[in-house]
Structures are given as structure tokens and as C-alpha cells.
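Descriptive analysis of the structure
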Amino acid sequence: MQVLAVKLNTAGADTSSIIRIIGTPDAREVPKQYGAFISGNENIMIYRWRGWRDFLYFITENGKVKYAKWFYAYE
């Protein structure tokens, strides 16, 4: 998943290309206990690895990727 984050973290990439490569997101909302990940007109695409402990997420706006990050539990 970390390699995917690096390879797919292309600002301006079309969100449809992300979906074509790794499929439909597992979620489009973050559980409230994680706090706010997005603001304004941003959207989020989440791909879980170990449930909600580790996940790759893409912050998008107007159908384009702004950035991708890897969220992981420090285990």
C-alpha cells in the first residue's frame, strides 16, 4: 500500500484512473475518531489495508487528485 501511495500520488491525476487501477474505494468518509481529513470542496477516497488501522487515502477536488497519503497504526 505504501508503494501504491508513492506511485499513484500524482497531483492532477483523474480520480477515474485511480479507480481503474485499484478499484472502487472502500469508503468515502473517515470515521469521526480520526478527525477531519478534508475541508471545503475536497473529497476523500479511502482504501483500507487492515480495517481502519491502516489505509491509503486520496484527497481529491473536482475529480482530480490533490495528494495521497498512507495512514497507519504505529504497531
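Here is a short report on the structure shown in this document.

1. Structural notes on the pairing of strand β2 (residues 55-61)
- Burial of β2 is extensive: 6 of the 7 residues sit out of reach of the surface.
- Here 6 bridges tie strand β1 (residues 43-48) to β2, and the two strands are oriented antiparallel to one another. Each bridged residue has a counterpart across the sheet, and for Ile 46 the counterpart in β2 is Tyr 57.
- Connecting β1 to the antiparallel partner β2 that follows it, the hairpin turn spans 6 residues, and Gly 51 within it adopts a positive phi of roughly 65 degrees.
- Note: β2 against strand β3 (residues 64-71), 7 bridges, orientation antiparallel. Each residue of the ladder has a partner; that of Leu 56, found in β3, is Trp 70.
- Following β2, the chain reverses through 2 residues before pairing antiparallel with β3; Asn 62 in that reversal takes a positive phi of roughly 55 degrees.

2. What about the sheet that holds β1?
- Spatially, 3 strands are ordered β1-β2-β3 in an open sheet, and the strand pairing comes out antiparallel. Strands with a single pairing partner mark the edges of an open sheet, and in this sheet they are β1 and β3. Across the sheet, the axes of successive neighbouring strands diverge by a mean angle of 20 degrees, strand direction being ignored.
- Here helix α2 (residues 15-22) sits on the sheet in contact with β1, β2 and β3, set at roughly 10 degrees to β1.

3. Let's talk about the environment of Tyr 67
- Mapped onto the secondary structure, Tyr 67 falls in strand β3.
- Sequence separation between Tyr 67 and Val 6 is 61 residues; the distance between their C-alpha atoms is 10.0 Å.
- Beyond its immediate chain neighbours, meaning those up to four positions away, Tyr 67 contacts Asn 9, Phe 37, Tyr 57, Phe 58 and Ile 59.

4. Re the pattern of salt bridges
- Counted under the stated rule, the structure contains 3 salt bridges.
- Between Lys 66 and Glu 42 there is a salt bridge; the shortest N-O distance is 2.7 Å. Of this pair, Lys 66 sits in strand β3 while Glu 42 sits in the loop between α2 and β1; the two residues are 24 residues apart in sequence, bridging distant segments of the chain.
- The class of Lys 66 is partly exposed, set by a relative accessible area of 35%.
- Classification of Glu 42 by relative accessible area gives buried; the value is 12%.

About the thresholds
- Residues numbered from 1 in each chain as written.
- Predicted model: local features only at pLDDT ≥ 70, side-chain atom pairs only at ≥ 80, totals over all residues.
- Heavy atoms only, no water.
- Buried < 20%, exposed > 50% of the residue type's maximum accessible area, 1.4 Å probe, protein only.
- Helix = DSSP H or I, 4+ residues; strand = E, 2+ residues; numbered from the N terminus.
- Pairing = 2+ DSSP bridges.
- Axes fitted to C-alpha atoms, helices over the stretch in contact; angles between N-to-C directions.
- Contact = heavy atoms within 4.5 Å.
- Salt bridge = Lys/Arg side-chain N within 4 Å of Asp/Glu carboxyl O.

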